[in-house]
Amino acid sequence: EFVNEEVETALRQAAWERQMGTLDQKEMEIHQEQMRIMREQFAAFVRDLNALREDFATLTSTCDLNFRELKDGLDKEKRDRQVVHGTLQERVSECELLPRELKFAIEREQDERSAMQLRLERRIGDLGDHDAKIAMLHQEVDRKLDHIRELTDQEREIIHGK
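A few points on the structure.

Calculation notes
Residues numbered from 1 in each chain as written. Predicted model: local features only at pLDDT ≥ 70, side-chain atom pairs only at ≥ 80, totals over all residues. Heavy atoms only, no water. Patch = residues over 30% accessible without salt bridge, like charges linked within 9 Å, V, L, I, M, F, W, Y side chains within 5 Å. Areas by Shrake-Rupley, 256 points an atom, 1.4 Å probe, with all protein chains shown as cover. Salt bridge = Lys/Arg side-chain N within 4 Å of Asp/Glu carboxyl O. Helix = DSSP H or I, 4+ residues; strand = E, 2+ residues; numbered from the N terminus. Buried < 20%, exposed > 50% of the residue type's maximum accessible area, 1.4 Å probe, protein only. Core = buried A, V, L, I, M, F, W, Y, C linked by side-chain atoms within 4.5 Å.

### Points about a nonpolar patch on the surface
Together, Val3, Val7 and Leu11 line one region of the surface with nonpolar side chains, adding up to about 290 Å² of accessible area. Positionally, Val7 belongs in helix α1 (residues 2-94). A relative accessible area of 44% means that Val7 is categorised as partly exposed.

### Re the nonpolar core
As a rule of thumb, soluble globular proteins bury nonpolar side chains together. Among the nonpolar cores identified, the biggest contains ten residues, and these are Phe45, Leu49, Leu52, Leu59, Cys63, Ile134, Leu137, Val141, Ile148 and Leu151. Those elements giving two or more residues to this core turn out to be α1 and α2 (99-161).

### Brief notes about the pattern of salt bridges
Scanning all chains against the criterion turns up twelve salt bridges. A salt bridge links Asp75 to Lys71, with the shortest nitrogen-to-oxygen separation between them at 3.2 Å. Of this pair, Asp75 and Lys71 both sit in helix α1, separated by four residues, roughly a single helical turn. A relative accessible area of 29% means that Asp75 is categorised as partly exposed. Overlapping salt bridges, with partners in common, bring together Asp48, Glu140, Arg143 and Lys144 in one network.

Structure representation (structure tokens):
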């Protein structure tokens, strides 16, 4: 009877050790799968971050080009306006216009200036839209970087914690 108990105890101990070995193996497999998933996620975030950087560079370049074009257009319009203004002053000082003709010329000039003012305001509004897009891209990059840092910290905890 004592021998049977010893055999039974040995069998239970062997079964328990097999189960422990299987659990250790499963734990290792789970850990390896977690590491693989984390590497894939990290690679995806790096790709997304690089894509955002490219988009940001493109948008910045486009904004710079649009700004230069707008500035050149504004400078040209300013020169044109100065020419028109100077021409009007010369005409008024050189000629004796009838009050009605003078009134119509001034109204036309005011209409042109109003139209130019509207165009300038629209272009300035376009620049504001570009600034908003750049700010949104900055926020998106910061959010992705924070997420990558969190993943990196988690990966360190998993690697060094076990």
